[in-house]
Every structure is written in C-alpha cells, then in structure tokens.
Amino acid sequence: MVPTRELLPTAEPLSLLRKDGSPVEDSPLAMPDDDVLLELHRRMVVGRRFDTQATALTKQGRLAVYPSSRGQEACEVGSVLALREQDWLFPTYRDCVALVTRGVDPAETLTLLQGGWHLGYDPYEHRVGPQCTPLATNTLHAVGFAHAARVKGEDTAALVLVGDGATSEGDTHEALNFAGVWKAPVVFLVQNNGYAISVPMSKQNAAPSLAHKGIGYGVPSVLVDGNDAAAVYAVVREAIEAGGPTLIEAITYRIEAHTNADDATRYRTSDEVAAWLDRDPVDRLETYLTARGLLTPERRAAVAAEAEEFAAGVRAALNTDHEHDPMSLFEHVYATPTRHLREQAAMLAEELA
C-alpha cells in the first residue's frame, strides 16, 4: 500500500520557468539539458506553424475539420520528447502536433481530418496508436498495451493524452483503476485546457484538482504548469523512468475554438483569452533561452525558416483533390455484411446511379 502523502499532487503546479521566462530557483524538478531545451523550442515553433497551416487549410476546404492545439504546445511537445524510442503514444484528435513531433508525416497525420476512412499512418512505424475521437477510449488501449508489454518482459511505457473532459468519462476511471492494480507503466497526461468544448471545469469537477483523483486508484499524481515545456518534459520523463502508473494534470489553455465548427465567444470572454496569451509557452521558453545566450538571432531565424518550409510541405501535400468512393463506407465494417448494411449499400448505390 502506497502512503497517501506519496500519491497526492502539490497544491500548486510544478514549474521550472515562470510566465516571464525567469527560472524557478527552488523547483523540485531537474532542468533539462540545454540541447533538450533547444529542441523543445524548435519543435514548438514548427508545431505551432503546422497548427496554423492546418487551420488555414480547413478554412479552404482541404480538411473537413481541425481541432487546434495552439497554446498547448508545451504539453504536446514536452511530453512526446520525453518518450524513449521504444515507448508508445496514444493520442486524441487534438494531438496532431504531438504526432508530427513523434515523426509522423504531416499529411498522414491529417488523413483522418480530411474525411478518409482509414488511419493514414502505420502505428508500428512510429509507435503511435490511432488518434482517438471518442473521448477516453485511448486510456484503456494504453493501459492494456502497457500491461501486456510488462507481462512480456519488455521495457516499454505508454503515454496517453487526454483532455479535461475525458476525465469525466467512465473509460478513464476504468483505465486508472486497472493501471493502479496492475502497476502498469502508463503515464496519463491530462491537458486541462479549461473547457470540455463549452463546459468549464467548475461544472465537471469538484475535486481540488484533476490530479487529486489519482489517490482513489493508488496512482501517484502530479500537477504541473502545462505552459512550461521544460517542466512538462521533466515530469513525464520522471514518470516514465518510475516504471509504474502516473497521473499528470497539466494546466494549460486552448487559445482557439474547440474546432472550426465551434463559436468560443459564446462561452468565454476575450479578456480570458488575452490573459492566457500572456502565458504563451513558446514566448516563455524563448525568453529563457535568449537570456542565457542559447537562442541566438541566427538560430531563431533558422528555426522560423524551418517552420515555414514545413508548412509549405503541408500545403503541397494537401493541395490535391482526392477521389472518394462513397460505397467504400460499407467495406471493412463486418466480415459478413449484415442485412441492414446490405440494404443501406443497395440504397446508396441506387442513389448514385
């Protein structure tokens, strides 16, 4: 039995960098090496440019929908860079920046959001599970995978990304319970961006924090500043090296609307968004690196140029029209199509004719 005090998170989010970019002197976290910090910055800049480009492509009709993760780059990039090569990532629909950080081709990353019926990328190539659209189903996938890896004697951990809204789903509770019982090597990273679409945290949780919920499952929990890439990297890497389950709540914010189909002005104010813009994760790390002389004007320009080149590649890859056969909707649903499915297929075929 793990003592309660070892399960509880801190009262305030752990951090390494304040919002003005100055270091936290008494942080219990270890500051990542300089090369890691520079890579965190580079990946966040490229990731944000990718996110902006994907949003623009949605407005041009090249994507059916796109859920932006602008403002959450520290969570997406910091957690993924903390993974070892053999570890697995189990993402959600909002985690496209995490996928490209893991090395997934951007065009393959966006296949699902184009409206294609298949995944778009090979999960085994990059050790990335399918992007989860139903909330929290990936939590059980991650726990099952991590438990199986341990049974087989493999040194493999799973990182599962969820939003705050997913913690209200039964799947998350079942996954945390199994993870605690099995001591599965899985890290739950909750990107608490304040809203489950339009539902604020105050209407879905009464606990002191989402991280506090770990105690009910015997799972150690951590509360971290989700806009501090250095801190996110540090806590995720520490959790992976611990070898068991960990629940991490990262406090962050979704700057853009839930998706391009959402009107965020109906449930939050512009002043609230402006306050979080002042806590921008990219600016924070840039300030720290510049003050230390690690981020030179030349390196900053090179990273910006790389980001633009990356965005140009995304535009070129998606600037083609794809022919979709509506009848393919009925493929790979059942090994033997049901009567209802056959009737629906016949109806559609008649309409197309």
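Anything mentioned here points back to the structure above.
None of the values given here were measured: they were computed from a predicted structure.

Cut-offs and rules
Residues numbered from 1 in each chain as written. Predicted model: local features only at pLDDT ≥ 70, side-chain atom pairs only at ≥ 80, totals over all residues. Heavy atoms only, no water. 1 Å grid on protein atoms, 1.4 Å probe; cavity = no way out; pocket = protein on both sides within 12 Å on 5 of 7 lines; lining within 4 Å. Points joined across faces, edges and corners; volume = space filled by probe spheres on them. Helix = DSSP H or I, 4+ residues; strand = E, 2+ residues; numbered from the N terminus. Nonpolar A, V, L, I, M, F, W, Y, C, P; charged D, E, K, R; others polar. Buried < 20%, exposed > 50% of the residue type's maximum accessible area, 1.4 Å probe, protein only. Pairing = 2+ DSSP bridges. Right-handed = clockwise from strand over helix to strand, strands pointing away.

Colleague: Lay out the layout of surface pockets in plain terms, naming residues and giving numbers.
Modeller: Within this model, the largest pocket holds a volume of roughly 360 Å³. Looking at the largest pocket, it is lined by 22 residues, and the ones nearest its centre are P220, S221, V222, E238 and T246. The set of elements that each furnish at least two residues to the lining of the largest pocket consists of α1 (4-7), β6 (221-225) and α10 (229-242). Within the lining of the largest pocket, the residues separate by chemical class into 13 nonpolar, five polar and four charged. Lining the second largest pocket are 16 residues, and of these G115, G116, W117, H118 and H324 lie nearest its centre. Contributions of two or more residues to the lining of the second largest pocket are made by α6 (111-114) and α13 (297-318). Along the lines of polarity and charge, the residues of the lining of the second largest pocket split into six nonpolar, eight polar and two charged.

Colleague: Tell me about the pairing of strand β7 (residues 246-251), residues and numbers included.
Modeller: A large share of β7 lies buried, amounting to five of its six residues. For strand β3 (residues 186-192) and β7, the ladder comprises six bridges, and the chain directions are parallel. Of the residues in β7, the one forming a bridge with F188 is L247. Relative to β7, β6 runs parallel, the two sharing five bridges. Bridge pairing in β7 links V224 to A250. Traced from β6 through α10 to β7, the parallel crossover comes out right-handed.

Colleague: Describe in detail empty space enclosed by the protein, supporting the description with residues and values.
Modeller: With the rule as written, the count across this model stands at two cavities of 30 Å³ or more. Its volume calculated, the largest cavity comes out at about 60 Å³. Around the largest cavity, the lining residues are V162, T167, T172, H173, L176, V190, L210, K213, Y217 and L247. If you tally residues by element for the lining of the largest cavity, the top one is helix α9 (residues 170-182), at three residues. Of the residues belonging to the lining of the largest cavity, the class tally is six nonpolar, three polar and one charged. Lining the second largest cavity, in full, are R48, R70, G71, N227, Y253, I255, W276, L277, D280 and P281. Across the lining of the second largest cavity, the residue classes break down as five nonpolar, two polar and three charged.

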